[in-house]
Amino acid sequence: MRFYLHYLVLLGSSCVISTYGPHQRAQKKGDIILGGLFPIHFGVTAKDQDLATRPESTECVRYNFRGFRWLQAMIFAIEEINNSSSLLPNITLGYRIFDTCNTVSKALEATLSFVVQNKIDSLNLDEFCNCSEHIPSTIAVVGATGSGVSTAVANLLGLFYIPQVSSYASSSRLLSNKNQYKSFMRTIPSDEHQATAMAEIIDFFQWNWVIAVASDDFYGRPAIEKFEKEMEDRDICIHLNELISQYFEEERIQQLVDRIENSSAKVIAVFASGPDMEPLIKEVVRRNITDRIWLASEAWASSSLIAKPEFFHVVGGTIGLALRAGRIPGFKSFLQQVQPKMSSQNEFVREFWEETFNCYLEDRPRHLVRGGAAMNSRRPCTGEEDINSVETPYLDYTHLRISYNVYVAVYSIAHALQDILTCTPGKGLFTNGSCADIKKVEAWQVLKQLRHLNFTNSIGEQVDFDESGDLLGNYTIVNWHRSSEDDSIVFEEIGHYNMHVKKGPRLFIDKTKILWNGYHKEVPTSNCSEDCEPGTRKGIIDGMPTCCFECKECSDGEFSDHKDASVCTKCPNNSWSNENHTSCLLKEIEFLSWMEPFGIALTLFAALGIFLTSFVLGVFVKFRNTPIVKATNRELSYLLLFSLVCCFSSSLMFIGEPQDWTCRLRQPAFGISFVLCISCILVKTNRVLLVFEAKIPTSLHRKWWGLNLQFLLVFMCTFVQIMICVVWLYNAPPESYSNHDMDEIIFITCNEGSLMALGFLIGYTCLLAAVCFFFAFKSRKLPENFNEAKFITFSMLIFFIVWISFIPAYVSTYGKFVSAVEVIAILASSFGLLACIFFNKVYIILFKPSRNTIEEVRCSTAAHAFKVAARATLRRSTVSRKRSTSVGGSSVSTPSSSISFKSDGEEAPSPSGRQRGCKQKVSFGSGTVTLSLSFEESRKNSVPVKNSRGKNSLECKNSDDSMLRCKALQPLQNSEAGSQPSSRTASNNSSQESISASKREEAHNSEETASFPSANSINFVANMFTENPSNS
């Protein structure tokens, strides 16, 4: 440190302090000095320093007319403040301005001069030397250029808390980090907003396939990083992500252009400065690549290096984000007054004059003129030429953007000094509210004041830096057009981006003002894949970015009503997609309707069933006193027919739109109706079987076979089903249900609540049917001309077939067909019961009245009794013969015998009344036995048992063992008064057996006579079925 101080002392003693820093400068003395760093040149010469000799300072090349105008804007603002009586009165501002040449090295060289000057000034070396050229400390610096240069400068100035107010291209978001860049401030927005604005422009035009290019420095890299994130948030893909620099070799630039040319992306977003963009644009122009849309960041949106007429066929139509332009009164005339002879303090004027008029000043030696051999061809100039006669970017003050920001930066520093000047002790920003001394103000005090600055600029905008040292502002969106006057490129304002808006759109663009590629109005496309039409969605392609997709048709039940839909929207439950999948249509509501053909057919069948059942009921009521009706248990038949009417009617509840009350009523109505029906059939069948199996009738049989007990049994069987339904409806009541599972259709059905309860309901019905089937099958051979046991067996078979088939059909069907299946099962089983049980009787009653007589009933009853007895007798006689044959030592073959009965009605006149009869033939082996029965009745209508007399006879014909079999059946001849049976035998063609054998057989048969039914028993059975059961 001591050595460092001695070095500064030696420098001070040389009394050449005014020459610190680069030789070329613009400088003016003042009470307070402001520093300035501007890119008067676009770059430096590239030299390979082999260090064989002492390294020389690099030479700046390619004069920047706009950079010189920005320098002039700073000088103009300082002169305007010095001439102001209200702002910093009695205080003169001076300046020291250097050329950065758009490079870090030159910028640091100039920055060091500010730092060294401040340090020497702080040492107070006036007592050591008499330096008339002493310049005060630089309390603030305006500049530098791009973010890369400003970053280096900010690092150095931040060490000494010298405020730096940047106004051009230093928009990197990294510079907002106040922990690292303590003294950096800027009058332009951060790239944090610029990258967002660029992404919103791309999204606005619905581009999703772009190329991103950024300068390889602190400006481009952070900007492209933020841009990538913004694009990802908007599902926009970056095909190429490239870096550029003005110092890249030509081969590398060509490779970059090759990739751009081969890319399918048509939009190129560039975050770079004009000098970095120039090599790239020149190569693109050389290849004549004209079908690209360029998006420019604010660093080159109005760059004179790129906005050249000879580049327009490539860059025409460029859309750029530019800083908002401002007005600087009097600046135009100030620019026009520049002359080398009148600007002795500004050494950059001389070079500006030579570059503007392509000459060299006569009072300047040629060896000092930049350009070497190229300058030798220039003509001499006097310095008095008319500046207005030449078209240069220097005089293009139509849109003062950067120049205005330089103007604002200078005024910001001036207002901070004004606040120090007017500070009231006790209200200052420093310790204990103290104020800084304007005559001895230091850089760190100005920095403190700038952080709390708040003033209104010349165009009425409020200027105040935020906590990051950034000045919030808006972007103007420009479109590059060709001027109709001189073919130059003009920047047409087409919209703006307002970063202050928190809600609502920030971007506004007037599409009608845009000329694409400089000539066209139609918006170009830049998409990896063609737009997906409505009704389709984007499908991912393996190995490709998400922006590259294939269009897939929406699935059934989904739709998309706009282009490029990422996903298809599912239709609501009550809707279904149309054929093109562009919208949803309401689903068709379906149920078993009364109006559809199927519903009408089922309704007609149900009505037919009700009509036929009612017709049968009417026939039975009309012929209620006939033997057929009486024999079928008249009252139970009425109840059975009523239950069938209920069965047919319950099927109608399954037709029509299901409601909650119909859903809760239809299954119980069906179940109770069928149980009532089957209970009646069960009681009837069981009664018939018990009557015919009773060998010795007693009063006890009459009591338990009475009508009251039959109805009680029916009620008990039905009550069980009623309880099942009550429990079902209480715990899980059925309800109406809309089934949306089917495409395009909503089935309105009944949710049964509990399938287990439905299973119990049907299962109990089937259990009663099984019991009924058992009794009916057991009594199937009872007298068939009036008893329905055989037909009940058939009806139960039909019932089982229907309901067993119903279960898989019910499970496998859906929608309205579930109800249809159950209706068909109800109707089929109901028709089966009705037809099998009643149609035969109705046929006899209406079309065969001769068989609807009491004689037929009694004859068939007696025949059944004899049939049972004959079977037992023949079985016993066969056993006796086998025994006798075994004792006699001989074996006789016994032919198998079968017994059948055929009745023939006869009438024989009687003096006291009518005599009716019938003959029953019993066939066995090769012969038959004919049983003749006759009955006498009084002439009255009533037919009590006591007025009837029966006569029975047996005839044996053509049997091998006729004598033995006939004798075996003789005990079956009975009379009402207990008369002895008589028999007569017809002629017998076969040989007669021995008398002894005959006697033994006869004696054996006589012993077993007591086991056969008597005539009293037969008459009891007959009367049970012919009289009113209540009187039996």
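Relevant structure appears above.
A brief structural summary. None of the values given here were measured: they were computed from a predicted structure.

How each quantity is defined
Residues numbered from 1 in each chain as written. Predicted model: local features only at pLDDT ≥ 70, side-chain atom pairs only at ≥ 80, totals over all residues. Heavy atoms only, no water. Helix = DSSP H or I, 4+ residues; strand = E, 2+ residues; numbered from the N terminus. Buried < 20%, exposed > 50% of the residue type's maximum accessible area, 1.4 Å probe, protein only. Areas by Shrake-Rupley, 256 points an atom, 1.4 Å probe, with all protein chains shown as cover. Phe/Tyr/Trp six-rings, centres within 6.5 Å; stacked < 30°, edge-to-face > 60°. Lys NZ or Arg CZ within 6 Å of the ring centre and 35° of its normal. Pairing = 2+ DSSP bridges. Axes fitted to C-alpha atoms, helices over the stretch in contact; angles between N-to-C directions. Right-handed = clockwise from strand over helix to strand, strands pointing away. Disulfide = S-S within 2.5 Å. Parallel < 35°, antiparallel > 145°, perpendicular 65-115°, else oblique. Left-handed = near helix turned anticlockwise from the far one by under 90°. Contact = heavy atoms within 4.5 Å. Nonpolar A, V, L, I, M, F, W, Y, C, P; charged D, E, K, R; others polar.

A closer look at the overall build of the chain
Secondary structure assignment for the chain yields 27 helices and 33 strands. When burial is assessed residue by residue, the chain has 52% of its 1032 residues classed as buried. Approximately 48,600 Å² of the chain is accessible, and the part contributed by carbon and sulfur atoms is 54%.

What to know about the packing of aromatic side chains
Evaluation of the coordinates by the stated rule reveals 35 aromatic pairs. Ring geometry for Phe205 versus Trp207: centroids 4.9 Å apart, planes at 25°, classification stacked. Here Phe205 and Trp207 have matching classes, each one buried. Consider the rings of Phe773 and Phe800, whose centres lie 6.2 Å apart with planes at 90°: the pair is edge-to-face. Here Phe800 lies in helix H22 (residues 789-812) and Phe773 lies in helix H21 (residues 755-778), a separation of 27 residues in the sequence. Residue classification places Phe773 among the partly exposed residues on the basis of a relative accessible area of 23%. Put simply, the rings of Phe76, Phe331, Phe334, Tyr404, Tyr407 and Tyr411 pair up and form one aromatic cluster. Positioned over the ring face of Phe218 is Arg221, at 5.8 Å from the centre of the ring.

Regarding the sheet that holds strand S27 (residues 588-590)
To summarise the sheet geometry, strands pair through backbone hydrogen bonds and adopt either a parallel or an antiparallel arrangement. Strand order in this open sheet of three strands is S27-S29-S28, and the pairing throughout is mixed. In this open sheet, the two edge strands, each paired with only one partner strand, are S27 and strand S28 (735-739). Taking each pair of neighbouring strands and ignoring which way they run, the sheet shows an average axis angle of 30°. Across three bridges, S27 lies against strand S29 (residues 745-751) in parallel orientation. Residue pairing for S29: Ile589 is matched across the bridge by Ile746.

Overview of the pairing of strand S11 (residues 267-271)
Of all five residues making up S11, five are buried, and the element is well covered by its neighbours. Every second residue of S11 is oriented toward a common face, with Val267, Ala269 and Phe271 on one face and Ile268 and Val270 on the other, all of them buried. Bridge count between strand S9 (residues 209-215) and S11: five bridges; the pairing is parallel. By the bridge assignment, Val210 is partnered in S11 with Val267. In this sheet, strand S12 (residues 293-296) lies alongside S11 in parallel orientation, the contact comprising four bridges. Bridged to Ala269 within S12 is Leu295. Chirality of the crossover, the property in question, places the unit of S11, helix H8 (residues 274-287) and S12 among those that are right-handed.

Section: the state of the cysteines
Counted under the stated rule, the structure contains nine disulfides. Here Cys554 is linked by a disulfide to Cys568, with a sulfur-sulfur distance of 1.9 Å. Taking the torsion about the S-S bond as the criterion, the Cys554 to Cys568 disulfide, at about -75°, is left-handed. Here Cys568 lies in the loop between strand S23 (558-559) and strand S24 (569-570) and Cys554 lies in the loop between strand S22 (549-553) and S23, a separation of 14 residues in the sequence. For Cys568, a relative accessible area of 11% corresponds to the buried category. At a sulfur-sulfur separation of 1.8 Å, the disulfide partner of Cys571 is Cys584. Judged by the sign of its S-S torsion, about -80°, the cystine formed by Cys571 and Cys584 is left-handed.

Thoughts on unusual backbone geometry
Residues Gly143 and Ala144 are joined by a peptide bond in cis, for which omega reads 5°. Mapped onto the elements of the fold, Ala144 is located in the loop between strand S6 (138-142) and helix H4 (147-159). For Asn90, which is not a glycine, the phi torsion comes out positive at approximately 65°. Here Asn90 lies in the loop between helix H2 (65-82) and strand S5 (93-99). Of note in this structure, Asn432 is not a glycine but carries a positive phi near 60°. With respect to the helices and strands, the residue Asn432 is situated in the loop between helix H13 (402-421) and helix H14 (443-451). Taking relative accessible area as the criterion, Asn432 reaches 77% and is therefore assigned exposed.

Observations concerning the packing of helix H5 (residues 191-204) against helix H6 (residues 220-233)
One can describe the packing of H5 onto H6 by two numbers: an axis separation of 9 Å at closest approach and a directional angle of 40°. What the angle tells us is that H5 and H6 run oblique. The chirality of how H5 crosses H6 is right-handed. When H5 is examined against H6, the residues Asp191, Glu192, Ala195, Thr196, Met198, Ala199 and Ile202 are found in contact with a partner set consisting of Ala223, Lys226, Phe227, Glu230 and Met231. Here the contact of H5 with H6 is composed, by residue class, of seven nonpolar, one polar and four charged.

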